[in-house]
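Listed here are the chains, written in short residue letters.
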2 protein chains.
Amino acid sequence: MSQEVYVLGGYQTDFARNWSKENKHFSAMMREAVRGALDATGLEPRDIATGHVGNFAAELYCKQGHLGAFFIEAHPVFSGLPTGRHEAACASGSIALLAASAEIEAGRYEVAAVVGIEQMKTVDSATGGDYRGTAAWYELEAEGIEFPFPKLFGKLGDEYDKRYGLKDEHLAAISAINYANAKLNPNAQTRTWYMNKGHALCRTDDNPAVGGRIRISDCSQVTDGAATVFLASKSYAEKYAKVRGVALASIPRIKGWGHHTARLRFEDKVEESKNAEYVLPHVRATVTDAFKRAGIADVSGIDGIETHDCFTTSEYMAIDHFGLTQPGESWKAVEEGVIALGGKCPINPSGGLIGAGHPVGATGVRQLLDAYKQVTGTAGDYQVEGAKNFATLNIGGSGTTSVTFVVGT
Amino acid sequence: MSQEVYVLGGYQTDFARNWSKENKHFSAMMREAVRGALDATGLEPRDIATGHVGNFAAELYCKQGHLGAFFIEAHPVFSGLPTGRHEAACASGSIALLAASAEIEAGRYEVAAVVGIEQMKTVDSATGGDYRGTAAWYELEAEGIEFPFPKLFGKLGDEYDKRYGLKDEHLAAISAINYANAKLNPNAQTRTWYMNKGHALCRTDDNPAVGGRIRISDCSQVTDGAATVFLASKSYAEKYAKVRGVALASIPRIKGWGHHTARLRFEDKVEESKNAEYVLPHVRATVTDAFKRAGIADVSGIDGIETHDCFTTSEYMAIDHFGLTQPGESWKAVEEGVIALGGKCPINPSGGLIGAGHPVGATGVRQLLDAYKQVTGTAGDYQVEGAKNFATLNIGGSGTTSVTFVVGT
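Owing to the predicted nature of the structure, the values given are computational and were not obtained by experimental measurement.

A short note on unusual backbone geometry
And step 1. Phi at His66 of chain A is positive, roughly 55 degrees, even though this residue is not glycine.
And step 2. Mapping His66 of chain A onto the fold places it in the loop between helix 2 (58-61) and helix 3 (68-72).
And step 3. Although it is not a glycine, Asn348 of chain B sits at a positive phi angle of roughly 55 degrees.
And step 4. Here Asn348 of chain B lies in the loop between helix 14 (330-335) and helix 15 (352-355).
And step 5. Asn348 of chain B sits in the buried class, given a relative accessible area of 0%.

Pasting the structure below:
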C-alpha cells in the first residue's frame, strides 16, 4: 500500500507580469515562486526534501536547461537537495507533480516542492508560436506554419462540428466566462482586460481568425509565470496539522490521478478515435482513472474543475469528457449555466488559461494550487462555495499527454 | 515499505552511428531503442505499462519537445500509455530512471520502459558546444565562450592541482584506459579509433588544448545514441523469472541509489567546499547514500563502476569520491591498476563516455544497462569476471546534479 500524498499549499506569481520588461532572469521567477510558497505555508526551507521543476522549453525561450538546479539557487539552505525537471509540453507541470507524488508515495521523501515555471515573453510572437510548435510533431505539423497550435485546436472544433455540430456562440460563451472569472482573480493575466460574449462572437478584424475557427478571443495568451506547491507524506502532514492546531482531515490530499499519452499527430488521434465514444478517448480515460482512484463514481462527486482551455475548443472537449454531458452535447452545459461560477460544476473559476494565463510549464501546478485553494475555502472572490473535491485536467500537445488530479479533504 | 525494483535488461544503439548522415529522425532512434529492448528481453509490447524518456536538449538539437510522446510512436500497441520526459542536463537519463523506479516502488505500474536518448550530430561543433552551455548557468558561465564545458572541467582539474597536486600523466592514463576498453565494446563510438597514453600525453596541435588543461584526448565526443532499460516490480519479475525457468535471485535489482544537486556555478561549488573533505561533497553524498541504501559499507562491496568521464578530470574526481583512495589520491588507483579491466575495481569497462560515447540524455541509462550486463555476465569482451554488484555515477553540469545506482543480484 503506497502512502497518501497531502497538499500543504503554495504560491502563484502574478501572471500579468512581464519579467523580461522587468529585466529579470528565469532564476528570479523561481526564487519568488519558492519563497512565496514558504511564506504562504509557514514551512521552513530545511523542511523541503526535494525539488521538482515542470517546464516546457526554457532551452528555447531562455537559452537555459538543467532547470532543477535553479531550484537550488532559490535558497542557500537548499544546496545538495535532489532535483529534476519534467516535461510533457503544456502538461509539464502535472508531469512534475506526478514525479514528486510518486516519490512521496514510495516513501523516498517527506516533503517535495513542485515548481511549474515558464518565461515566454522573451521573444516576439511569431518566434514564440514557432517554439510552441515543438509540442506537436514539429517537422510534420508545425515547421513553416504560422501559429500551428490554434490551427490544431481549430481542427478539434472541426471534428466536433463533423460528429455532432458545433456553434460559435458556445465557444464564445466559454471565452466570456473565463474572462469574467479572471476579473475575480488577483493573479490573472487578463483581470483588467474587457471581454464579453459579444466581443468573443465578433467576426471582424477586431477579433481575427488565427487558425481555422479559432479567433483571438478563443486563445489563451502568452504568459510569464510560475506556481509552487508543497506535497507531503501523511506523517509530515500530521505534524504540520498538529503544530497549527487543525485536524489532519482538513488538509487536502491528492485523492486520485489519471495520466495517458495519445499519438502525437492530431490526425492520428482522430483516426484512432473514429469509432470511439469520445473524440479523445485517452483524455476520457485520464478523467475516469482519476475518479476511480479517488473512489468517486462520476463527475457528480466533483464540486468544480480547473481545466486546460488553451483554446475554447479544448474546454468544450473537457465538458463532455468529464461527463458533464453526453458526448457531443457540451453546449448543453454551457447553455444551462452548469460551468459558470454558481453553476452545478463551475469550470475555471480562476479564469483558466484564457483568463488567468498560460505560462506553459506552470499551468498544471497552478491548476493544482487553485484546486487546493478551492477545497480549503481560500480562493477569495473566485471561491466555489463549500467545495470539497476539485478536479484538474492539464493537456500537452493537441490532446496528446493528459493528466487529471482530484484534490479534496 | 516500498517495493523492490528489478532490471529486466534492455538495448543500446551503436554509438558510432551518425543518424543525421543516415537522414533519420529522432523518432527512428527512439523506435530502434525500444524495439531492440523488446527483442533483447522477450517482453511483449503489451507488457509495458509506462514510458519515461531521459533527454537533455532535443528542443535545441532537433527542434522538438514533448519527447514522451515519441515513446508512443515506437509501437502501435503503446497508444494511451502514460509517458513523460525528464531532464537534468547530462544526468537526464538517471533522472528518468529515478522517476520510473519511484513509480514502481509506489506500486503505480508493473513494468516501466526508460529510454535515454540524444541526437547531437544535427549541428556544427561550435553550435553544439554553445547548446551544451545551457547545462551550466548559460548567461554567467557559457554565453560567448567557445566550448564552455571543457573549461569548467579544466577548472575541476585546477582545483585538484591546488589542493593536492595533479599530473597530466594520470589524466592521460585515464583516457588511454577508456579508449582501450572501448575496443572491447561493439557499441562504442571510438572502438575503431586509436589512442594510447603517448597520444593522450602529447602536447602539440595533434592534441590541442580546448579548455585550460583539458585537451582533445581528455574529452568525450559528440555522440548520437539511445539506450533503453525495462524496470519491473517484484511481482512482475517473479512471473518473468518463472516463465524463463530461472531463479528470481538471478534477476538484478536496483539495490540502492543516491541523488543530490549542488549549486549551479562551478565557482559556487568550490567556494562551498573549500573546507570540506571532498572537492564535490554532494557527489560524495550521492555515492555514500547509494551504498547505504544498498546495505554496502563501502566501495569494497562493489565489483566495478560505470562513471561519468565527460572529461578525464571527472573520472579522476570519481575515483576518490567513490572511496577507492583517500581524497586527493586518485592517482594512486590509476598507478596501481585498480581501475583497469582486471583491476580490483574496474572503472568504465565499457569505455565510458570518453571511449563508448556520450549522447547526453542517454548516458545514465546506458550506464545502468552496462551495470545490468556486468552483473548478469553478459557484457561480452568487457565483462568484469564474477561481478555481483556494479555502481554508476552520472553527472549533470559541472558536478551539479549527481545520481548513483547500485545494481546487483
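Some remarks on the relation of the copies chain B and chain A
And step 1. Rotating chain B by 180 degrees about the axis while translating it 0.0 Å along that axis superimposes it on chain A, leaving an RMSD of 0.0 Å. Taken together, the rotation and translation describe the operation of a two-fold axis.
And step 2. Here 100% of the contact residues of chain B are again contact residues in chain A; the copies associate through an equivalent surface.

Details of the interface of chain B and chain A
How big an interface is tends to be reported as the loss of accessible area on association of its parts.
And step 1. Contact with chain B, which involves 57 residues of that partner, is made by 57 residues of chain A.
And step 2. In this assembly, chain B packs against chain A so that about 4700 Å² is buried in total across both faces, 51% of it on carbon and sulfur atoms.
And step 3. The three residues of chain B that bury the most area against chain A are Lys63, His66 and Arg108 of chain B, which together make up 17% of that side's buried surface.
And step 4. A salt bridge links Arg263 of chain B to Glu73 of chain A; its shortest N-O distance comes to 2.8 Å.
And step 5. Our count for the contact surface shared by chain B and chain A stands at 45 residue pairs in polar contact (both at pLDDT 80 or more).
And step 6. Where the side of chain B that touches chain A is concerned, the elements lending two or more residues are helix 2 (58-61), helix 3 (68-72), strand 3 (83-87), helix 4 (92-105), helix 5 (125-132), helix 6 (138-142) and strand 8 (253-261) of chain B.

Observations regarding the pairing of strand 3 of chain B
And step 1. Within strand 3 of chain B, five of the five residues are buried, which leaves the element mostly enclosed by the surrounding structure.
And step 2. Across the two faces of strand 3 of chain B the burial is the same, with Thr83, Arg85 and Glu87 of chain B and Gly84 and His86 of chain B all buried.
And step 3. As paired elements, strand 3 (residues 83-87) of chain A and strand 3 of chain B share three bridges and run antiparallel to each other. Counted as the bridge partner of Arg85 of chain A is Glu87 of chain B from strand 3 of chain B.

What to know about the packing of aromatic side chains
And step 1. For the structure shown, the criterion picks out 22 aromatic pairs over all chains.
And step 2. Relative to Trp193 of chain A, the ring of Tyr179 of chain A lies with its centre 6.5 Å away and its plane at 35 degrees, an arrangement referred to as tilted. One end of the pair, Tyr179 of chain A, is in helix 8 (residues 168-182); the other, Trp193 of chain A, is in the loop between helix 8 and helix 9 (197-201), and 14 residues separate them in sequence.
And step 3. Since its relative accessible area comes to 3%, Tyr179 of chain A is described here as buried.
And step 4. Taken together, the aromatic side chains of Phe26 and Phe70 of chain A together with Trp137 of chain B make up a single cluster linked through ring pairs.
And step 5. For Arg293 of chain A, the ring lying beneath its charged end belongs to Trp257 of chain A, and the centroid distance is 3.7 Å.

Looking at helix 4 of chain B
All names here are of chain B.
And step 1. Here helix 4 spans 20 Å end to end across 14 residues, near enough to the 20 Å set by a 1.5 Å rise per residue.
And step 2. A large share of helix 4 lies buried, amounting to 14 of its 14 residues.
And step 3. The first or second residue beyond helix 4 is Gly107, which carries a positive phi of 80 degrees.

Focus on the side chain of His259 of chain A
And step 1. Structurally, the position occupied by His259 of chain A is in strand 8 (residues 253-261).
And step 2. The exposure class assigned to His259 of chain A is buried, which follows from its relative accessible area of 7%.
And step 3. Engagement of the side chain of His259 of chain A in a polar contact is seen with the backbone oxygen of Thr83 of chain B, the distance being 2.9 Å.

Topic: the state of the cysteines
All names here are of chain A.
And step 1. Using the criterion set out here, one finds zero disulfides over all chains in the structure.
And step 2. You can see Cys310 has no disulfide; the closest cysteine sulfur is in Cys90, sitting 6.5 Å from it.
And step 3. Free cysteine: Cys345, not disulfide-bonded; nearest cysteine sulfur from Cys310 at 19 Å.
And step 4. Residue class for Cys345 comes out buried when judged on its relative accessible area of 2%.

Here we look at the nonpolar core
And step 1. In this structure, Ile339 of chain A together with Ile48 and Ile339 of chain B are the most contacted members of the largest nonpolar core, which totals 149 residues.
And step 2. Considering each element in turn, this core owes the most residues, eight residues, to helix 1 (residues 26-41) of chain B.
And step 3. Sequence-distant contacts of Ile339 of chain B, defined by excluding residues within four places in its chain, comprise Ile174, Ile177, Glu315, Ile319, Leu324, Ala333, Val334, Cys345, Pro346 and Ile347 of chain B.
And step 4. Within the second largest apolar cluster, 37 residues are counted, among which are Phe26, Phe78 and Phe230 of chain A together with Leu264 of chain B.

The rules behind the values
- Residues numbered from 1 in each chain as written.
- Chains lettered and ligands numbered in written order.
- Predicted model: local features only at pLDDT ≥ 70, side-chain atom pairs only at ≥ 80, totals over all residues.
- Heavy atoms only, no water.
- Helix = DSSP H or I, 4+ residues; strand = E, 2+ residues; numbered from the N terminus.
- Buried < 20%, exposed > 50% of the residue type's maximum accessible area, 1.4 Å probe, protein only.
- Least-squares fit on C-alpha atoms with pLDDT ≥ 70 in both.
- Contact = heavy atoms within 4.5 Å.
- Buried area = accessible area lost by both parts, 1.4 Å probe.
- Salt bridge = Lys/Arg side-chain N within 4 Å of Asp/Glu carboxyl O.
- Polar contact = N/O pair within 3.5 Å; in protein donor to acceptor, adjacent residues only side chain to side chain.
- Pairing = 2+ DSSP bridges.
- Phe/Tyr/Trp six-rings, centres within 6.5 Å; stacked < 30°, edge-to-face > 60°.
- Lys NZ or Arg CZ within 6 Å of the ring centre and 35° of its normal.
- Expected span 1.5 Å × (residues − 1).
- Disulfide = S-S within 2.5 Å.
- Core = buried A, V, L, I, M, F, W, Y, C linked by side-chain atoms within 4.5 Å.

These results come straight from atomic positions and should not be treated as a statement about function.
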